[in-house]
Amino acid sequence: DEDSDDGGTSDGVEVLVDGTDPLDGSDDITDTNDSDGDGISDREETVHGTDRFDDDSDDDGISDGDEIDTYGTDPLDEDSDDDGISDGDEIDTYGTDPLDDDSDDDGLSDGDEVDTHGTDPLDEDSDDDGLSDGAEVLDHGTDPLDEDSDDDGLSDGEEVDTTGTDPLDEDSDGDGLSDGEEV
């Protein structure tokens, strides 16, 4: 409970700014001046360490008030989950979770998916071949945007999980027939 005494001022402001008792509602100071219009009072900004004259202290595209009250992100860190994408871009551009560095749980960070591999950070298997993007990049060396990396007619997932053939060699046994022709 941010305001233990229900007096109208958060406990943090009472203790750190006002010097009042957070268990006595009668001594609460209810000045709600918000110099930058970000939705949190200047006194709350003091508690959070944000700039009361800058509505977005970390310049990530999300107001300090929204970071604190809506998203739970850090208003002093433009990338709360350290995945390489700003909180603002995660929310407004990609729809990813700014508090989870791997929104689709595929083993690749949202930033790596967007900036390095071109995969979808909200889809654990961007090419729908049965292997997660992370497994393709980190374990098998296959292309997470091509369901059949060696173009033999079998999906990468089918080669890894079913036939046991090499998803990077169209003729795994070297007999002149593609893996797809043999299966």
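Residues numbered from 1 in each chain as written. Predicted model: local features only at pLDDT ≥ 70, side-chain atom pairs only at ≥ 80, totals over all residues. Heavy atoms only, no water.

**Student:** Could you clarify how one ought to interpret the overall build of the protein in this entry?
**Tutor:** Each helix and strand counted, the protein has eight helices and zero strands in total. Listing each helix as α and each strand as β along the protein from the N terminus yields α-α-α-α-α-α-α-α. Summarising its shape, the C-alpha atoms of the protein cover approximately 85 × 30 × 15 Å along the three principal directions. Here the protein holds 183 residues, and the buried ones make up 41% of them. Summarising the internal contacts of the protein: among those between residues at least 6 apart in sequence, 24% fall at separations of at least 24. Within the structure as shown, the protein displays about 9,100 Å² of accessible surface, and the carbon and sulfur contribution to it stands at 40%. (Helix = DSSP H or I, 4+ residues; strand = E, 2+ residues; numbered from the N terminus. Buried < 20%, exposed > 50% of the residue type's maximum accessible area, 1.4 Å probe, protein only. Contact = heavy atoms within 4.5 Å. Areas by Shrake-Rupley, 256 points an atom, 1.4 Å probe, with all protein chains shown as cover.)

**Student:** For this particular structure, what's the right way to read the side chain of threonine 20?
**Tutor:** Among the structural elements, threonine 20 can be located in the loop between helix H1 (11–18) and helix H2 (42–48). Not counting the four nearest positions on each side in its chain, threonine 20 is found in contact with Glu14, Val15 and Asp27.

**Student:** Would you take a moment to explain the side chain of aspartate 125 for this structure?
**Tutor:** In this structure, aspartate 125 sits in the loop between helix H5 (110–117) and helix H6 (133–140). For the buried residue aspartate 125, which engages in no salt bridge, the nearest side chain bearing the opposite charge is arginine 52, 51 Å off. (Lys, Arg positive; Asp, Glu negative; His and termini not counted. Salt bridge = Lys/Arg side-chain N within 4 Å of Asp/Glu carboxyl O.)

**Student:** Explain a negative patch on the surface here, please?
**Tutor:** A cluster of like negative charges, contributed by Asp151, Asp166, Asp169, Glu170, Asp173, Asp175, Glu181 and Glu182, occupies part of the molecular surface. Within the secondary structure, aspartate 173 is located in the loop between helix H7 (156–163) and helix H8 (179–182). On the accessibility criterion, aspartate 173 (49% relative accessible area) is partly exposed. (Patch = residues over 30% accessible without salt bridge, like charges linked within 9 Å, V, L, I, M, F, W, Y side chains within 5 Å. Charge placed at Lys NZ, Arg CZ, Asp CG, Glu CD.)

**Student:** For this particular structure, what's the right way to read a nonpolar patch on the surface?
**Tutor:** On the surface, Val15, Leu16 and Val17 cluster together into a nonpolar patch covering about 270 Å² of accessible area. Inspection of the secondary structure assignment puts leucine 16 in helix H1.

**Student:** Even after reading the chapter, I still don't get the environment of threonine 163, so can you show me in this structure?
**Tutor:** Looking at where threonine 163 falls in the secondary structure, it is placed in helix H7. The exposure class assigned to threonine 163 is partly exposed, which follows from its relative accessible area of 28%. Separated by 17 residues in the primary sequence, threonine 163 and glycine 180 place their C-alpha atoms 9.9 Å from one another. Look past the residues within four positions of threonine 163 in its chain and what remains in contact with it is Leu154, Glu158 and Val183.

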